[in-house]
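Structural description and commentary
Given next are the chains, with one letter for each unit.
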Amino acid sequence: MIMRAAVRARMIAFNPCDDVQLPRPASTRAHRVIITREEFFGRLLPAVPIEHRALVGTAGMAGLRWGECVGLHRDEVDLAGPALHVTRTLVEVNGRLEIKPYPKSRSGRPMPPALTSLVRAHQLRSAPNDSGLVFAVRTGSAWRRSNFHRQVWRRALIEAELPRAMRFHDLRHCYATWLVSDNLPINEVQRVLGHEQASTTLDRYTHATTGHADKVRAVFANSADFLLTLGAS
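Residues numbered from 1 in each chain as written. Predicted model: local features only at pLDDT ≥ 70, side-chain atom pairs only at ≥ 80, totals over all residues. Heavy atoms only, no water.

**So, the sheet that holds strand S5 (residues 109-110)**
Strand pairing in a sheet relies on backbone hydrogen bonds, with the paired strands running either antiparallel or parallel. Spatial strand order, S1-S2-S5: three strands in an open sheet with antiparallel pairing. What marks the edges here is a single partner per strand, and that holds for strand S1 (77-78) and S5. As paired strands, S1 and strand S2 (residues 83-84) are joined by two bridges and run antiparallel to one another. Across the sheet, residue Val77 finds its bridge partner in S2, namely Leu84. (Pairing = 2+ DSSP bridges. Helix = DSSP H or I, 4+ residues; strand = E, 2+ residues; numbered from the N terminus.)

**Observations regarding a positive patch on the surface**
There is a patch of like positive charges on the surface, built from Arg150, Arg154, Arg155 and Arg164. By relative accessible area, which is 58% here, Arg155 ends up exposed. (Patch = residues over 30% accessible without salt bridge, like charges linked within 9 Å, V, L, I, M, F, W, Y side chains within 5 Å. Areas by Shrake-Rupley, 256 points an atom, 1.4 Å probe, with all protein chains shown as cover. Salt bridge = Lys/Arg side-chain N within 4 Å of Asp/Glu carboxyl O. Lys, Arg positive; Asp, Glu negative; His and termini not counted. Charge placed at Lys NZ, Arg CZ, Asp CG, Glu CD. Buried < 20%, exposed > 50% of the residue type's maximum accessible area, 1.4 Å probe, protein only.)

**Some remarks on helix H2 (residues 37-47)**
An α-helical segment advances 3.6 residues per turn. Residues three or four places apart therefore align on the same side. Listed in full, the buried residues belonging to H2 are Phe40, Leu44, Leu45 and Ala47. The buried side chains of H2 occupy one side of the element, clustering within an arc of 145° when seen end-on. Considering only its buried residues, H2 is in contact with helix H3 (53-62), helix H5 (113-125), helix H6 (145-160) and helix H7 (170-181). (Arc of directions from axis to C-beta. Contact = heavy atoms within 4.5 Å.)

**Regarding the packing of aromatic side chains**
For the structure on display, the rule yields seven aromatic pairs. When the ring of Phe40 is compared with that of Phe41, the centres are 5.0 Å apart and the planes differ by 80°; the resulting orientation is edge-to-face. Residue Phe41 is classed as partly exposed on the basis of its relative accessible area of 38%. Among the aromatic side chains, those forming a connected cluster through ring pairs are Trp66, Trp143, Phe148, Trp153 and Phe168. (Phe/Tyr/Trp six-rings, centres within 6.5 Å; stacked < 30°, edge-to-face > 60°.)

**Here's the deal with the nonpolar core**
Ranked by size, the top nonpolar core spans 43 residues in total, and within it Ile35, Phe40, Leu44, Val56, Phe148, Trp153 and Phe168 carry the most contacts. Residue assignment for this core shows that the elements contributing at least two residues are H2, H3, helix H4 (66-70), H5, H6 and H7. The contacts of Phe168, once residues within four sequence positions are left out, are Leu55, Val56, Ala59, Trp66, Cys69, Phe148 and Trp153. Counting five residues, the second largest nonpolar core, distinct from the first, contains Tyr175, Val189, Val192 and Leu193. (Core = buried A, V, L, I, M, F, W, Y, C linked by side-chain atoms within 4.5 Å.)

**Overview of the pattern of salt bridges**
Side chains bearing opposite charge may pair, as long as their charged atoms lie close to each other. For the structure on display, the rule yields eight salt bridges. In this structure, Glu39 engages Arg43 in a salt bridge whose closest nitrogen and oxygen atoms are separated by 3.6 Å. Of this pair, Glu39 and Arg43 both sit in helix H2, four residues apart, roughly one helical turn. A residue is classified by how much of its surface remains accessible, and Glu39, at 24% relative accessible area, is partly exposed. In this structure Arg43 comes out as partly exposed when scored by relative accessible area, which is 31%. Between Asp170 and Arg167 there is a salt bridge whose closest N-O contact spans 2.8 Å. Judged by relative accessible area, Arg167 falls into the partly exposed class, the value being 38%. Within this structure, Arg65, Glu68 and Arg109 form a network of salt bridges that share partners.

**Remarks on the packing of H2 against H7**
Where H2 contacts H7, the axes come no closer than 10 Å and their chain directions differ by 130°. Looking at the two axes, H2 sits oblique to H7. Facing H2, whose interface residues are Arg37, Phe40 and Leu44, H7 presents Leu171, Trp178 and Ser181. Looking at the contact of H2 with H7, its residues break down into four nonpolar, one polar and one charged. (Axes fitted to C-alpha atoms, helices over the stretch in contact; angles between N-to-C directions. Parallel < 35°, antiparallel > 145°, perpendicular 65-115°, else oblique. Nonpolar A, V, L, I, M, F, W, Y, C, P; charged D, E, K, R; others polar.)

Function-wise, these values are silent; they only describe arrangement.
Here it is, written out as structure tokens:
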């Protein structure tokens, strides 16, 4: 891309990278851990300490990324809607935390009743802080991913007896997979995930669920009777 840009800018006469075969990017699908809704509600959430349950619930029931979750402000939470309006995100570069505008998700993320209850209870338990963050450490500052992973996430996975390789971001993959498996149109899933193209949603955030083989067989459930009819004729 750099060389093509240089040719267009007439900085070089030709692209020395033409005809170079690039290696295929390694697939990350094998590293993603997808759990069922039963495992999420019955095992993971109960294993998370109550003061952090709404944070994990926001990732699993609204599909927010880590930076969107911990960068969420109280003025972005509409419990009457109920919806989450993601306009800012937390980024961490070279150990420095910074809140930045996030215009990628202009539409609100729908909040299911269970998440609305979790967030409402969390806001009642925790006093507003100067930063305005919904999910903050006791001092009111933002969470660091490494600290949350060490103090909360890893311990919850162990207690819930879920794969330790599961990442916080895998909850976003779970969220998309659950929506698609429940026949929500892909364009709607695309919208709530904040993707510009449906192909991104299909390629990155949907995975086979348990029982999919039975669903495929069910499509051809009457095929055996049809074959018998053919044989009889």
